Amino acid sequence: MSSLLRTVAGGRFIDEISNAEILINAVTALTNRQMYHIGMEAINQLEDEVDQRWRETWHANLALWPSIFSGLGVIVNRMTPSHRDRGASAQVYDLLVSLGTHTSAILNLSDVQAQLRYHPGTIVLVCGRVLRHGVETWMGGDRICWAHYVRDNVHNRLGLPRPNWVDIDNYYGLMDTGFRSRLGL
């Protein structure tokens with residue numbers, strides 16, 4: 001657990017983001033149900049304090065953790081050079097939320113030669129271990145990136161599996177026949 005989150009202010013921060021994290025968790029459940037369930041299992045295991053040697057090093061704020069992601073980063077008015085996330089497994093998504101007052105930003109996915117508009121309120125899921133991603137410039141105000149990620153070492157310590165790659169077959173039951181036919185499925 002981050003030293004910043006081991007403070008009273010850290011506990012307040014966790015409490016204040018909890019409602020937004022419910023939405024983030026729901027987006028994850030819709031886009032990768034298995035990743036969501038594994039993340040929930042991680043939360044449940046941590047809350048149950050199943051391992052005595054961990055219990056001694058935990059902080060009370062850990063019980064407040066609301067996210068299926070094991071890590072959060074808040075990047076404010078900083079360039080994010082193109083990078084891959086070495087601490088994640090390949091089939092896990094990073095969930096990036098663009099916030100602030102900026103009027104223009106581009107999320108570069110250079111490995112697939114894609115550029116995505118990244119305005120405030122945009123949520124992007126990207127396999128951060130597989131695809132380089134970054135924001136090198138923005139215009140028109142403050143830019144905040146609320147980055148959610150999964151640390152593979154946390155799931156290793158808890159003995160949790162990695163999710164399978166997302167497959168469209170997982171979503172057939174959620175699609176009506178008209179939508180499936182428009183997709184050619």
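Scroll up a little and you will see the structure.
Since this is a predicted model, take the numbers as computed values, not measurements.

Conventions we followed
- Residues numbered from 1 in each chain as written.
- Predicted model: local features only at pLDDT ≥ 70, side-chain atom pairs only at ≥ 80, totals over all residues.
- Heavy atoms only, no water.
- Helix = DSSP H or I, 4+ residues; strand = E, 2+ residues; numbered from the N terminus.
- Axes fitted to C-alpha atoms, helices over the stretch in contact; angles between N-to-C directions.
- Parallel < 35°, antiparallel > 145°, perpendicular 65-115°, else oblique.
- Contact = heavy atoms within 4.5 Å.
- Nonpolar A, V, L, I, M, F, W, Y, C, P; charged D, E, K, R; others polar.
- Patch = residues over 30% accessible without salt bridge, like charges linked within 9 Å, V, L, I, M, F, W, Y side chains within 5 Å.
- Areas by Shrake-Rupley, 256 points an atom, 1.4 Å probe, with all protein chains shown as cover.
- Salt bridge = Lys/Arg side-chain N within 4 Å of Asp/Glu carboxyl O.
- Core = buried A, V, L, I, M, F, W, Y, C linked by side-chain atoms within 4.5 Å.
- Buried < 20%, exposed > 50% of the residue type's maximum accessible area, 1.4 Å probe, protein only.
- Phe/Tyr/Trp six-rings, centres within 6.5 Å; stacked < 30°, edge-to-face > 60°.
- Lys NZ or Arg CZ within 6 Å of the ring centre and 35° of its normal.
- Pairing = 2+ DSSP bridges.

Asker: What am I meant to see in unusual backbone geometry here?
Answerer: Peptide bonds are trans in most cases, and residues, glycine excluded, mostly fall at negative phi. At asparagine 77, a position not held by glycine, the phi torsion is positive, near 50°. Relative to the helices and strands, asparagine 77 is located in the loop between β1 (71-76) and β2 (80-83). Unusually for a residue other than glycine, glutamine 113 sits at a positive phi of about 50°. Take glutamine 113: it is sitting in the loop between β4 (104-109) and β5 (114-117).

Asker: Would you explain the packing of helix α1 (residues 8-31) against helix α2 (residues 33-48) in this entry?
Answerer: Between two packed helices, the angle of one axis relative to the other and the distance separating the axes together describe the packing. One way to put it is that α1 packs onto α2 with a least axis distance of 5 Å and a crossing angle of 135°. Relative to α2, the element α1 lies oblique. Mapping the contact onto sequence places Asn25, Thr28, Ala29 and Thr31 in α1 and Arg33, Met35 and Tyr36 in α2. A breakdown of the residues in the contact of α1 with α2 according to their chemical character gives three nonpolar, three polar and one charged.

Asker: Looking at this structure, I do not really get a nonpolar patch on the surface. What am I missing?
Answerer: Among the surface-exposed residues, Ile168, Tyr172, Phe179, Leu183 and Leu185 lie close enough to one another that they form a single nonpolar patch of about 430 Å² accessible area. By the secondary structure assignment, leucine 183 is in helix α5 (residues 177-183).

Asker: I would appreciate a short explanation of the nonpolar core in the present structure.
Answerer: Proteins that are soluble and globular tend to have nonpolar side chains buried together. Formed by 17 residues in total, the largest nonpolar core has its most connected members in Met35, Phe69 and Leu95. Elements that contribute at least two residues to this core include exactly α1, α2 and β3 (94-100). Looking at this core element by element, the count peaks at four residues for α1. Those residues in contact with leucine 95 that lie beyond four places of it in its chain are Ile24, Val27, Thr28, Phe69, Ile123, Val124, Leu125, Trp146, Ala147 and His148.

Asker: Just checking my understanding: could you explain the packing of aromatic side chains for this structure?
Answerer: Applying the stated criterion across every chain yields a total of zero aromatic pairs. The positively charged end of arginine 143 is found above the aromatic ring belonging to tryptophan 138, 5.3 Å away from the centroid.

Asker: I keep staring at the sheet that holds β1 and nothing clicks. Help me out?
Answerer: The pairing of strands in a sheet happens through backbone hydrogen bonds and is either parallel or antiparallel. Taken in spatial order, the four strands of this open sheet run β1-β9-β3-β6, and their pairing is antiparallel. A single partner strand is all that each edge strand has here, and the edge strands are β1 and β6 (123-126). The mean inter-strand angle of the sheet, taken between neighbouring strand axes irrespective of direction, is 20°. The pairing of β3 with strand β9 (residues 143-149) spans six bridges and is antiparallel. When the sheet's bridge partners are listed, leucine 95 is paired in β9 with histidine 148.

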